[in-house]
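# Results of the structural survey
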Amino acid sequence: MTRSHPGGAAHHRHRPSRPSPGRVADRDLRRFLADSTPVAAGGRAILLQIADPVVAAGVRRHSDFARRPQQRLAHTLMFVYAVVIGTDADAAVAASFVDRAHRPVAGADDVDRQLWVAATLFDSARRAHELFGEPVDAARAEAVLAAYAPIGTALRVPADRWPASVAAFDAYWSTALGALSVTDDARGVVRDLLHPRFAPLWVRAAMPLVRVVTVGMLPEALRTQYGFPWGPREQRRFRRSVAFVRAVRGVVPGWALRLPGPLLLRAMRRYAHR
């Protein structure tokens, strides 16, 4: 079955668009995109995504989130690395994995939802660099936005729907935030994500830091919708946590910050060839 998008060719329902394969020729930009600093905002991205009721329902009803909440984060990171800095083959494999997972989920083909999911990844990466690294200057922000465009098309979002500039993205982001509504499905996912009962011990040991960073990075209105308590004490804890993560990141060598990407891509390739 095919469908047509305005201004585009017929589009197969279960075939990702074929955008630029995600290769980045600029070496400095590629190194920036491979930096794992955005991992610190992974929880934020998930909470933003499930604040859309359709996304929340799909995650809640069609995934093993309660038992393996960290798996969604790992798969999301794998997908981003594969599409943005991986090879053509990596991007195709990652897109096929996502497509297979989405097939039984009602609303998963909805372009607006997929655009929102892709947008949360860009905005969370940008926010992570601002908090834990260095603010992204205007030129770099435009280049990163363009590099993230294949994420949208790999999720079957028509290429012309991805914002063409950071100003256009910010306008879209402001409008989209205002339309979010946190449901009981989303709150259930959050409980599984931030209070994992079956996660490995090392994951549970890290969760106090993860919780304060994740909740503190949310837009205030969304934090209120989720019902997270937030006052001066929580704000002080958040500032201390950000300072701690910044300090740790500051002493980690650049090659180590770029190591998770290749490791995740290697794991994906092994799994794809089983």
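Model, not experiment: these values are computed from the prediction.

What counts, and at which threshold
Residues numbered from 1 in each chain as written. Predicted model: local features only at pLDDT ≥ 70, side-chain atom pairs only at ≥ 80, totals over all residues. Heavy atoms only, no water. Phe/Tyr/Trp six-rings, centres within 6.5 Å; stacked < 30°, edge-to-face > 60°. Helix = DSSP H or I, 4+ residues; strand = E, 2+ residues; numbered from the N terminus. Buried < 20%, exposed > 50% of the residue type's maximum accessible area, 1.4 Å probe, protein only. Expected span 1.5 Å × (residues − 1). Bend = angle between axes of the 7 residues up to and from the residue. Polar contact = N/O pair within 3.5 Å; in protein donor to acceptor, adjacent residues only side chain to side chain. Core = buried A, V, L, I, M, F, W, Y, C linked by side-chain atoms within 4.5 Å. Contact = heavy atoms within 4.5 Å. Patch = residues over 30% accessible without salt bridge, like charges linked within 9 Å, V, L, I, M, F, W, Y side chains within 5 Å. Areas by Shrake-Rupley, 256 points an atom, 1.4 Å probe, with all protein chains shown as cover. Salt bridge = Lys/Arg side-chain N within 4 Å of Asp/Glu carboxyl O. Lys, Arg positive; Asp, Glu negative; His and termini not counted. Charge placed at Lys NZ, Arg CZ, Asp CG, Glu CD.

Let us look at the packing of aromatic side chains. Evaluated as defined, the whole model comprises nine aromatic pairs. The interplanar angle of 75° and the centroid separation of 5.5 Å between the aromatic rings of F97 and Y271 together place this pair among those described as edge-to-face. Taken together, the residues span a long stretch of sequence, with F97 in helix α5 (residues 88–102) and Y271 in helix α14 (residues 260–272) at a distance of 174 residues. A relative accessible area of 22% means that F97 is categorised as partly exposed. Relative accessible area serves as the criterion here: at 47%, Y271 is assigned to the partly exposed category. Residues W116 and W173 carry aromatic rings whose centres are separated by 4.8 Å and whose planes lie at 25° to one another, so their mutual orientation is stacked. Here W116 is found in helix α6 (residues 111–132), whereas its partner W173 is found in helix α8 (residues 166–178), with 57 residues between them in sequence. The same class applies to W116 and to W173, which are both buried. Here a set of aromatic residues connected by ring pairs shows up, and it is made of W116, F122, Y148, W162, F169, Y172 and W173.

Below, the discussion takes up helix α7 (residues 138–154). Given a rise of 1.5 Å per residue, 17 residues ought to cover 24 Å, and the 25 Å separating the end C-alpha atoms of α7 matches this to within 8%. Its maximal kink placed at A147, α7 deviates by approximately 25°, while the proline P150 follows within four residues. Along α7, the residues that are buried comprise A141, V144, L145, A147, Y148, P150, I151, G152, T153 and A154. Where α7 starts, the residue carrying a side-chain oxygen 3.3 Å from the main-chain nitrogen of A139 turns out to be D137. Following α7 by one or two positions, R156 has its phi on the positive side, about 75°.

So, on to the nonpolar core. A general tendency of soluble globular proteins is for nonpolar side chains to be buried together. Within the largest apolar cluster, 68 residues are counted, with the highest numbers of intra-cluster contacts made by L33, I50, Y148, I151 and Y226. Sequence-distant contacts of L33, that is, excluding residues within four places in its chain, are made with V24, Y81, V84, I85, V144, A147 and Y148. Counting residues in hydrophobic clusters, the runner-up holds 10 residues, among them F132, V213, F238 and V242.

Turning our eyes to something else, we now look at the environment of G86. By the secondary structure assignment, G86 is in the loop between α4 (69–85) and α5. Considered as a pair, G86 and G261 are 175 residues apart in the sequence and their alpha carbons are 9.0 Å apart.

What follows deals with unusual backbone geometry. A positive phi angle is found at R156, which is not glycine, with a value near 75°. One can find R156 in the loop between α7 and α8. The exposure class assigned to R156 is buried, which follows from its relative accessible area of 3%.

Looking now at a nonpolar patch on the surface. Taken together, the side chains of L209, F244 and V248 present a nonpolar region at the surface, about 250 Å² in accessible area. Looking at the secondary structure, you find V248 in helix α12 (residues 232–251). For V248, a relative accessible area of 39% puts it in the partly exposed group.

With that settled, consider the side chain of D35. Among the structural elements, D35 can be located in the loop between α1 (27–34) and α2 (42–49). Among all residues touching D35, those that are not within four sequence positions of it are Y81, H129, R249, L257 and R258.

Moving on: the environment of P38. Within the fold, P38 resides in the loop between α1 and α2. Sequence separation between P38 and G133 is 95 residues, and the spatial gap between their C-alpha atoms is 9.8 Å. Setting aside its immediate chain neighbours within four residues, P38 contacts A125, A128 and H129.

Turning to the environment of E130, a few remarks are in order. As for its position among the elements, E130 is in helix α6. Judged by its relative accessible area of 34%, E130 is partly exposed. Residues E130 and P38, 92 residues apart in the sequence, show an inter-C-alpha distance of 10.0 Å. Aside from chain neighbours lying at most four places away, what touches E130 is P135, V136 and R246.

Moving on: a positive patch on the surface. On the surface, R236, R237, R239 and R240 cluster together into a patch of positive charge. Topologically, R237 is positioned in helix α12.

Turning to the pattern of salt bridges, a few remarks are in order. Across all of its chains, the model carries 12 salt bridges by this definition. Residue R249 pairs with D35 through a salt bridge whose shortest N-O separation is 3.1 Å. Of this pair, R249 sits in helix α12 while D35 sits in the loop between α1 and α2, and the two are 214 residues apart along the sequence. With a relative accessible area of 11%, D35 lands in the buried category. Residue R233 is joined to E234 by a salt bridge in which the shortest nitrogen-to-oxygen separation is 3.7 Å. Judged by its relative accessible area of 57%, R233 falls in the exposed class. Through salt bridges that share partners, R44, D123, R126 and D170 make up one connected network.

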